Amino acid sequence: MTSATLLQQVDALQRTIQGVVIRPGNSEYDQIRTVWNAMIHRRPALIVRCVAARDVAPAIAFARDHGFEIAVRGGGHNITGNAVCDGGVMIDLSPMTGVSVDAQQRRALVDPGATLYHLDSATQAHGLATPVGINSTTGIAGLTLGGGFGWLTRKFGMTVDNLLSADVVAADGRRRHASAHENADLFWAIRGGGGNFGIVTRFEFALHPVGPNVVAGLMVFPFDQAKAVLTQYSEYVQLAPDDLNVWIVLRQAPPLPFVPASVHGREVVVLAVFYAGELDKADAAIKPLRQFGTSHWEHIDNQPYLIWQQAFDPLLTPGARNYWKSHNFTQFNEDAIDCMIEFAGCLPSSQSEIFVGLVAGAANRVPASATAYFHRDARFVMNVHARWNTDAADERCIDWARSLFKASAPHASKGAYVNFMTADERRRVAAAYGDNYERLVQIKRTFDPDNTFHLNQNVPP
């Protein structure tokens, strides 16, 4: 095919869709191809910027007809940068941010470019929410398709446990509605199976009464108290109510307005505390945490859930270089705690951190076979987050993350969380899905036999 013919067909695609086809050289091209992780520098041959669900099928057909690789962008927040490809077609869903709330039925319809902020803002107007992540700029689509967990997971389960249905455009261009009663296999697969099976153009979530105010905040302890704090934490959360969620962060205290200047730049142990129950019962649940040590500082108060969902945004802004390694844990024993403390004592940069999300509770009470997300025994998810600004520090920061990952492996449980897996962890995909993997392969053969959608934690057909 000649270049002139291809250009004619690009023009024909533009006439077919409601959105915009963007080529290299366009004034918006560099901005749109740039994703959250600054380590990713890829140049697609074409960007199809979708503004409506009907734009997706023509974009898929064009890419397949011309042999182009397909990347799909929702929020563009994934660590691997799968939202963008070199020399292929980037299907950009980020303009599609609509959220429609039925407060009476406690349901939300969410477009695939929506972020956590879009969803939380719309649902909190009605005092409702569904479990999502902790950084408001994260895309709903990628978060959901990989499983999804956050502050509300202990009480209401994973994000996928609250997905009621989805509209999916498969590789053949057909739109399928997936729910427990329609295309049930596809519905099972997209709840944790990633973007392997098609492009979701609308999500339907169950909502729960939350807020508008919750009790939340931080306790910051000196690093030399880390062993005592983490040991008592691991014991206390075994019996804590599902309304209470407490995450661990080991890092240098950042220079944020709400952190005392006297501890800026010093290694600290942070307990991020969240209580979603009746406000007058929060203090009784939180009080034991104060006995773990003598804190540098504490700020826990009654605040809007929507504000708390943005509290960590300043630490996760786009433009930095990021590398992650992650393990699941069914428990934190002394060896695991010692390992974390050792590596937190030699952080490779001021922005790097180790955080541990507590997911024990409602998420553990769902059978492993109920959704593609398999590891229902995981009570904790540790993410080793190396973050830095210049490529000169690449080797040091990546080596630190990999070394901690290796050292902590003997104390971790089986499996992995696909949303935290990097591009060099393809061999862990089968382990991430455990006994559910073979069923995913079979469903992949049905809906994407040519592996059109492979820029993901891929399940080959």
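Please refer to the structure placed before this passage.
What counts as what
- Residues numbered from 1 in each chain as written.
- Predicted model: local features only at pLDDT ≥ 70, side-chain atom pairs only at ≥ 80, totals over all residues.
- Heavy atoms only, no water.
- Helix = DSSP H or I, 4+ residues; strand = E, 2+ residues; numbered from the N terminus.
- Rg over C-alpha atoms; globule rule 2.2 N^0.38 Å.
- Buried < 20%, exposed > 50% of the residue type's maximum accessible area, 1.4 Å probe, protein only.
- Contact = heavy atoms within 4.5 Å.
- Axes fitted to C-alpha atoms, helices over the stretch in contact; angles between N-to-C directions.
- Parallel < 35°, antiparallel > 145°, perpendicular 65-115°, else oblique.
- Left-handed = near helix turned anticlockwise from the far one by under 90°.
- Pairing = 2+ DSSP bridges.
- Arc of directions from axis to C-beta.
- Core = buried A, V, L, I, M, F, W, Y, C linked by side-chain atoms within 4.5 Å.
- Salt bridge = Lys/Arg side-chain N within 4 Å of Asp/Glu carboxyl O.
- Phe/Tyr/Trp six-rings, centres within 6.5 Å; stacked < 30°, edge-to-face > 60°.
- Lys NZ or Arg CZ within 6 Å of the ring centre and 35° of its normal.

S.K.: Can you walk me through the overall build of the protein in this structure?
M.R.: The number of helices and strands found in the protein is 14 helices and 18 strands. Against the globule reference of 23 Å for 461 residues, the protein gives a C-alpha radius of gyration of 22 Å, in line with a compact fold. Projected onto its principal axes, the C-alpha coordinates of the protein cover approximately 70 × 55 × 40 Å. Among the 461 residues that make up the protein, the fraction classed as buried is 59%. Within the protein, contacts between residues at least 6 apart in sequence are counted, and of these 73% link residues at least 24 apart.

S.K.: Explain the packing of helix α8 (residues 226–236) against helix α11 (residues 334–344) to me, please; I cannot follow it from the model alone.
M.R.: The relative placement of two packed helices is expressed as an angle between their axes plus a distance between the axes. At their nearest, the axes of α8 and α11 sit 10 Å apart, and the two run at 140 degrees to each other. Of the possible angle classes, the one that applies to α8 and α11 is oblique. Between α8 and α11 the crossing geometry is right-handed. Counting all contacts with α8, which are made through Ala226, Lys227, Leu230, Thr231 and Ser234, the residues of α11 involved are Glu334, Ile337, Asp338, Met340 and Ile341.

S.K.: Is there a simple way to explain the sheet that holds strand β9 (residues 175–179) in this structure?
M.R.: Think of a sheet as strands paired side by side through backbone hydrogen bonds, with each pair either parallel or antiparallel. Spatial strand order, β5-β6-β10-β8-β9: five strands in an open sheet with antiparallel pairing. Each edge of the open sheet is held by one strand with a lone partner, namely β5 (99–102) and β9. Pairwise comparison of adjacent strand axes, ignoring direction, gives a mean angle of 15 degrees for this sheet. Sheet analysis places strand β6 (residues 107–110) next to strand β10 (residues 199–206), joined by four bridges and oriented antiparallel. Bridged to Arg107 within β10 is Ala206.

S.K.: When you look at the environment of Leu218 in this model, what are you seeing that I'm missing?
M.R.: Positionally, Leu218 belongs in strand β12 (residues 213–222). With a relative accessible area of 10%, Leu218 lands in the buried category. Sequence separation between Leu218 and Pro131 is 87 residues, and the spatial gap between their C-alpha atoms is 20 Å.

S.K.: So what exactly am I meant to see when it comes to the pairing of strand β4 (residues 89–92) here?
M.R.: Along any regular strand the residues' side chains alternate between the sheet's two faces. Of the two faces of β4, both are covered, the one formed by Val89 and Ile91 as well as the one formed by Met90 and Asp92. Here strand β3 (residues 70–73) pairs with β4 via four bridges, running parallel. Following the sheet pairing, Val72 is matched in β4 by Ile91.

S.K.: Where do I start with α8 in this structure?
M.R.: Helical geometry note: an α-helix holds 3.6 residues per turn, so side chains three or four residues apart project in the same direction. Taken as a whole, α8 has its buried residues at Ala226, Val229, Leu230, Tyr233, Ser234 and Tyr236. End-on view of α8: buried residues confined to an arc of 165 degrees, all on one side of the axis.

S.K.: Which parts of the structure should I look at to understand the nonpolar core?
M.R.: If you look at soluble globular proteins, the nonpolar side chains tend to sit buried side by side. Leu271 and Ile286 are the most contacted members of the largest nonpolar core, which has 129 residues in total. Among the elements that line this core, the one with the most residues is strand β14 (residues 267–275), at eight residues. With residues near it in sequence (within four places) discarded, Ile286 still touches Val215, Met219, Leu244, Val273, Tyr275 and Ile300.

S.K.: Please clarify how the pattern of salt bridges should be interpreted in this entry.
M.R.: As a working rule, side chains carrying opposite charge can pair if their charged atoms are close by. Under the counting rule described, the total for this entry stands at 24 salt bridges. In this structure, Asp111 engages Arg202 in a salt bridge whose closest nitrogen and oxygen atoms are separated by 3.5 Å. A residue pair is termed long-range when its members are at least 10 positions apart, and Asp111 in the loop between β6 and α4 (116–124) and Arg202 in strand β10 qualify at 91 residues. Judged by its relative accessible area of 16%, Asp111 is buried. Asp338 serves as the salt-bridge partner of Lys227, at 3.0 Å between the closest nitrogen and oxygen. Taken as a pair, Lys227 in helix α8 and Asp338 in helix α11 lie far apart in primary sequence, 111 residues in all. Residue class for Asp338 comes out partly exposed when judged on its relative accessible area of 31%. Counted as one network, the salt bridges with shared partners bring together Asp30, Arg33 and Arg43.

S.K.: Whenever I open this one, the packing of aromatic side chains confuses me. Can you help?
M.R.: In this structure the tally under the stated criterion is 21 aromatic pairs. Judged by centre distance (6.0 Å) and plane angle (25 degrees), the ring pair of Trp151 and Phe274 falls under stacked. Taken as a pair, Trp151 in the loop between α5 (140–146) and α6 (153–156) and Phe274 in strand β14 lie far apart in primary sequence, 123 residues in all. Under the relative-accessibility criterion, Trp151 is labelled buried at 3%. Taking the relative accessible area as the measure of exposure, Phe274 reaches 0% and is therefore buried. Stacked on the ring of Phe405, the Lys or Arg Lys325 has its end atom at 4.3 Å from the ring centre. For the cation-ring pair, Arg439 lies above Trp188, with the distance from its terminal atom to the ring centre recorded as 4.0 Å.

S.K.: Just checking my understanding: could you explain helix α3 (residues 56–65) for this structure?
M.R.: Turning to α3, its buried residues are Val56, Ala59, Ile60, Phe62 and Ala63. In a view along the axis of α3, the buried residues occupy a sector of 165 degrees, so they form one face of it. Tucked inside the fold, the buried residues of α3 contact α1 (3–16), β2 (46–49), β3, β4, β8 (163–169) and β10. Remark: Gly67 follows α3 within two positions and exhibits a positive phi of approximately 70 degrees.

S.K.: Would you mind showing me how to read the pairing of strand β16 (residues 321–329) here?
M.R.: The buried fraction of β16 is high, at nine of nine residues. Note: β16 against strand β18 (residues 380–388), nine bridges, orientation antiparallel. What sits directly across from Asn328, in β18, is Val381.

S.K.: Could you clarify how one ought to interpret unusual backbone geometry in this entry?
M.R.: Among all residues except glycine, the phi angle is most often negative; among peptide bonds, the trans geometry is most common. Along the chain, Gly211 connects to Pro212 via a cis peptide bond; the corresponding omega equals 10 degrees. Looking at the secondary structure, you find Pro212 in the loop between β11 (208–209) and β12. The backbone of Asn183 shows a phi angle near 50 degrees, a positive value even though the residue is not glycine. Secondary-structure assignment places Asn183 in the loop between β9 and α7 (184–190). What makes Asn183 partly exposed here is its relative accessible area of 32%. Its identity as a non-glycine residue notwithstanding, Asn451 has a phi of 55 degrees, on the positive side. Tracing the chain through its elements places Asn451 in the segment after α14 (437–447). You can call Asn451 buried: its relative accessible area is 17%.

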